[in-house]
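# Coordinate inspection notes
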Amino acid sequence: MSRSVPNRLLRGMRARRALIILASALPMIAALLFAMRNQLAAALVIATAVAMAMALAGWLWFALRGLRVEQVVRRLDASMPLLDDSSDLLLRDDAGLSALEKLQRRRISDRLDGSRPADVREAWPWRRIALLGLLAAGIALASLYRPEAGMPEAETPSAMAQPDQVARVTSLKSIRIDIEPPAYTGLPSRRESTLDVEAAQGSTLHWKLAFSPEPGAASLQFHDGSTLPLRKEGEAWAAETELGQSTLYRIVLGAAPPLEEDRLYRLDAIADQPPTIRVILPEKTLSQVEPGQQSWQLEFEVSDDYGVGDASLGIILAQGSGEQVTVSERSERLRAESAGSARQKTFRRKLSLGSTGITPGDDLIVRLSVRDLRKPQANVARSASYILRWPAEMASESEGVEGIVQKVLPAYFRSQRQIIIDTEALLAERDQLDADRFLARSDTIGVDQKILRLRYGQFLGEEFESGGGAGPEHQASEDDEHKDEPTQLDALPAGHSHDDGHDHGNAEFGVADDVLAEFGHAHDHAEAATLLDPETKKILKSALAEMWQAELHLRLGEPARALPFENRALAYIKQVQQASRIYLARVGLELPPVDESRRLSGKREGLRDPRGVLMPADAGDEFLEQAYRALSNGESIDLVVLEAWVRQHESHLDDPLDLIAALDVLRREPACDACRESVLDALWALLPVPPAETPSRAEPDAVGKAYLDGLGAEVQP
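Below you will find a few notes about this structure. Computed from a predicted model, the values in this text were never measured in an experiment.

In terms of burial, strand β16 (residues 363-372) is a largely internal element, eight of the 10 residues being buried. As paired elements, β16 and strand β18 (residues 386-389) share four bridges and run antiparallel to each other. Across the sheet, Val366 pairs through a bridge with Tyr386, a residue of β18. Both β16 and strand β17 (residues 380-382) contribute to a ladder of three bridges, which runs antiparallel. Residue pairing across strands places Val370 opposite Ala381, the latter belonging to β17.

The next thing to look at is helix α14 (residues 623-632). Of all the positions in α14, only Leu624, Ala627, Ala630 and Leu631 are classed as buried. Take α14 and look down its axis: the buried residues cluster within an arc of 125°, on one side only. Opposite the buried face of α14, at more than 90 degrees from it, the exposed residues are Gln626 and Arg629. Just past α14, the residue Gly634 takes up positive phi, approximately 80°.

What follows deals with the environment of Thr536. As for its placement among the helices and strands, Thr536 is situated in helix α12 (residues 534-555). The class for Thr536 is buried, based on a relative accessible area of 6%. In sequence terms Thr536 and Ile573 are 37 residues apart; their C-alpha atoms lie 9.7 Å from each other.

A few words on the packing of helix α16 (residues 657-668) against helix α17 (residues 673-686). Where α16 meets α17, the closest approach of the two axes is 9 Å, and the angle between their N-to-C directions is 155°. One element, α16, and the other, α17, form an angle in the roughly antiparallel class. At the point where α16 passes α17, the crossing takes the left-handed sense. Of α17, the residues touching α16 (which contributes Asp658, Leu659, Ala662, Leu663, Val665 and Leu666) are Cys675, Arg676, Ser678, Val679, Ala682, Leu683 and Leu686. Class assignment for the residues of the contact of α16 with α17 results in 10 nonpolar, one polar and two charged.

Core analysis: the largest hydrophobic core is formed by 26 residues, its most contacted members being Leu195, Trp207, Leu209, Phe211, Tyr249 and Ile251. At the level of secondary structure, the elements contributing two or more residues to this core comprise β1 (171-180), β3 (197-200), β4 (204-212), β5 (217-222), β6 (227-233), β7 (236-242), β8 (247-254) and β9 (265-270). Once residues within four sequence positions are removed from consideration, Phe211 is found in contact with Thr170, Ser171, Leu172, Lys173, Ala218, Trp237, Ile251, Leu253 and Leu259. Formed by 24 residues, the second largest nonpolar core is a distinct cluster that contains Leu248, Leu639, Leu642 and Leu653.

On the basis of which strands lie adjacent, the open sheet formed by nine strands has the order β2-β1-β4-β7-β6-β5-β8-β9-β3 and mixed pairing. The sheet is open, and its two edges are formed by β2 (190-192) and β3, each paired on a single side. The average angle at which neighbouring strand axes cross in this sheet is 25°, direction not considered. Sheet analysis places β5 next to β6, joined by four bridges and oriented antiparallel. Each bridged residue has a counterpart across the sheet, and for Leu220 the counterpart in β6 is Leu228. Packed on one face of the sheet, α16 meets β8 and β9 and runs near 35° to β8.

This part covers unusual backbone geometry. Only a minority of non-glycine residues have a phi that is not negative, and only a minority of peptide bonds are not trans. Looking along the chain, the bond that leaves Ser212 and enters Pro213 is cis, with omega of -5°. In this fold, Pro213 is placed in the loop between β4 and β5. One non-glycine residue with positive phi stands out, namely Ala255, at about 55°. In this fold, Ala255 is placed in the loop between β8 and β9.

The strand order β10-β12-β15 describes an open sheet built from three strands, whose pairing is antiparallel. Where the open sheet ends on each side, the last strands, each with one partner, are β10 (276-281) and β15 (344-352). Across the sheet, the axes of successive neighbouring strands diverge by a mean angle of 20°, strand direction being ignored. Bridging between β10 and strand β12 (residues 295-303) involves five bridges; their strand directions are antiparallel. Note that in β12 the partner of Arg278 across the bridge is Glu301.

So, on to α17. With 14 residues, α17 extends 20 Å between its outermost C-alpha atoms, agreeing within 8% with the 20 Å of an ideal straight helix rising 1.5 Å per residue. Within α17, burial applies to Cys675, Val679, Leu680, Ala682, Leu683 and Leu686. Down the axis, α17 shows its buried residues gathered within 165° of arc, on one side only. Pointing more than 90 degrees away from the buried face of α17 are the exposed residues Asp673, Ala674, Asp681, Trp684 and Ala685.

Now for the packing of α14 against helix α15 (residues 639-648). Between α14 and α15, the least distance of the axes is 11 Å, while the angle of their chain directions is 150°. Every pair of crossing elements has a handedness; the one defined by α14 and α15 is left-handed. Mapping the contact onto sequence places Phe623, Leu624 and Ala627 in α14 and Val641, Leu642 and Trp645 in α15. For the contact of α14 with α15, the residue count by class is six nonpolar, no polar and no charged.

A complete count under the given rule lists 31 salt bridges for this structure. The closest approach of N and O atoms between Asp664 and Arg250, which form a salt bridge, is 2.7 Å. Taken together, the residues span a long stretch of sequence, with Asp664 in helix α16 and Arg250 in strand β8 at a distance of 414 residues. Taking the relative accessible area as the measure of exposure, Asp664 reaches 2% and is therefore buried. Residues Glu643 and Arg647 are paired through a salt bridge, measuring 2.5 Å at the closest nitrogen-oxygen approach.

So, on to the side chain of Ser287. For Ser287, the location among the structural elements is in strand β11 (residues 286-288). The class for Ser287 is buried, based on a relative accessible area of 14%.

Moving on to the side chain of Ser203. One can find Ser203 in the loop between β3 and β4. A distance of 2.6 Å separates the side chain of Ser203 from the backbone oxygen of Ala200, its partner in a polar contact. Not counting the four nearest positions on each side in its chain, Ser203 is found in contact with Ile179, Glu180, Pro181, Pro182, Thr241, Glu242 and Leu243.

Turning our attention to a nonpolar patch on the surface. Residues Phe34, Leu141 and Leu144 make up a contiguous nonpolar surface patch of roughly 290 Å² in combined accessible area. Secondary-structure assignment places Phe34 in helix α1 (residues 5-35). For Phe34, a relative accessible area of 32% gives the class partly exposed.

Right, let's get into the packing of aromatic side chains. Tallying each qualifying case throughout the model produces seven aromatic pairs. A ring pair is formed by Trp124 and Trp126, whose centres lie 5.2 Å apart and whose planes are at 20°; its orientation type is stacked. Judged by its relative accessible area of 29%, Trp124 is partly exposed. On the numbers, 6.0 Å between centres and 45° between planes, the contact of Tyr249 with Tyr265 is tilted. Highlighted residues: Tyr249 in strand β8 and Tyr265 in strand β9, separated in sequence by 16 residues. Lying across the ring of Trp548, Arg453 places its NZ or CZ 3.7 Å from the centre.

Procedures and definitions
- Residues numbered from 1 in each chain as written.
- Predicted model: local features only at pLDDT ≥ 70, side-chain atom pairs only at ≥ 80, totals over all residues.
- Heavy atoms only, no water.
- Buried < 20%, exposed > 50% of the residue type's maximum accessible area, 1.4 Å probe, protein only.
- Helix = DSSP H or I, 4+ residues; strand = E, 2+ residues; numbered from the N terminus.
- Pairing = 2+ DSSP bridges.
- Arc of directions from axis to C-beta.
- Axes fitted to C-alpha atoms, helices over the stretch in contact; angles between N-to-C directions.
- Parallel < 35°, antiparallel > 145°, perpendicular 65-115°, else oblique.
- Left-handed = near helix turned anticlockwise from the far one by under 90°.
- Contact = heavy atoms within 4.5 Å.
- Nonpolar A, V, L, I, M, F, W, Y, C, P; charged D, E, K, R; others polar.
- Core = buried A, V, L, I, M, F, W, Y, C linked by side-chain atoms within 4.5 Å.
- Expected span 1.5 Å × (residues − 1).
- Salt bridge = Lys/Arg side-chain N within 4 Å of Asp/Glu carboxyl O.
- Polar contact = N/O pair within 3.5 Å; in protein donor to acceptor, adjacent residues only side chain to side chain.
- Patch = residues over 30% accessible without salt bridge, like charges linked within 9 Å, V, L, I, M, F, W, Y side chains within 5 Å.
- Areas by Shrake-Rupley, 256 points an atom, 1.4 Å probe, with all protein chains shown as cover.
- Phe/Tyr/Trp six-rings, centres within 6.5 Å; stacked < 30°, edge-to-face > 60°.
- Lys NZ or Arg CZ within 6 Å of the ring centre and 35° of its normal.

Below is the structure:
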């Protein structure tokens, strides 16, 4: 039994130390939490309490871990002389003791059994506990004292103004802005104690402000000129509004001294972004039906900032060829397979090819449309179109006819129709796209229109638009791009190279047929082309002209103005389809005679530059650039005019609110250098990107000139 004495005494020492720590710390923790109950939110008070409890637990763990049984033995030896400083023998095993040590341990065990062990626990620090208790009580009592308990809002620094300042300016005693986000976002309501607020678009803002001294009237004036009156509610001035877009505002007082800090405050509206669609399957936008394929697997992953809504899959079946195409369209609603997060969902669909009705030569096109939970009007996102193509069987070529049979535009009508569909889809999504993304997508459609126009132009014997030849790389890229489309351009003249504009091949001179086959094609003279009859050429020229205009507006980011030209181009192409086959006669090349009187004369009258005239680059409005240079040079400018210009072009600038706020501060404090720097920083962010230009050659210094002169003076052998 004597062996268990040290362990029992160790438990008593640890219990006493734990009680001393709790008696010293708990009153202070309780007092601090009591003092913070009105200064912090409930959640923050709870978090602080949890943090203090964890800190206290860590303190106890480290304090108790330092107490070991060896300390009990040392205290027993110091407080009980009858143990002969041999109490450590109680902790050792019999196997490791000598006969004398065993005898000594038996002796001290008998002494412990016959007497009461000394109290080895540390003494209670009553003085320290009492002082900490008094300090905790003082903190709790001090937190009960509140000079002005009219409103529970946090006091602002301006409320502590000196009495002589209160007489000259009006200070904000308290600020409270309650923010209620839209219900569909799922965000909790919150409270802000600053006038600069960032909230979800559509949130309802409730202001409650207290002033000293009390004004006769108060209102919120926004930078667009609108005003929101503040009404008196007890000791506070209140108002509410819905945050539709980011704006600036200031507090305007009536019958009161000016505000101590009279400036513009910012309300940032966080826009609800449309859903983001990631297509997992299929991996390519154009797939072909494999032998034995019975179904088509589709998988989409959709994410949204607040929640994904309904999803529908548009299925289009295009049957036929050329302009004889019939299109059937249907839509079906998809359900998310995984019931995970509402902000990210996965949609899967396995289309059976037999149920869709696709046959050889048909295209099956799918496109996913997803809505989010935005109210009252949901954001809609649409994926790219994914095509499953079932290649048609190869048709046999016509033989034994007088001339060459050329099918007119058999594969390109559907491309023009697709350009129209893409343009209409882009116009429908215009409100959900920013300016850069909208311009990029419009430019992409313009590139498709350009490629289609160049393909059509080859039927009229036109050159590539650069005026020079298309090298092998260009031809290869176009062949790869349209390798899935059947082409009938084998009978066209050969392409052009970078040397003389022709790829002459291996023609054998002296054989008329070889020479005509290699060299007999049009060269920038559409009238000399022999592919089409005159009436078809006239209609196709009109189609190309409409394509030119459509491409122009698409590349400029104006798809709405390009759409009429696209439709007229398609109408002309439908007329061309009426001439199903054209027989080309085997004739030689007849070029207009050369005017010998103009040869080697050096006269350029009547000539035109096919490359056009270089136009100076326009980097945008130069007003901001002139204002920036004037402010950088320390010159004075009319800030009112600059601010009016910014407000007029506010929709075309990325973030003009910072500049408007900086201009307002500089207008009130013209001598403030820091305010001028703020305006320059805000202007720099809005300056247009300068156009690329060729830098001038730097003039060499004295050493460089001497070197160049030495090179020029070298004697050539």
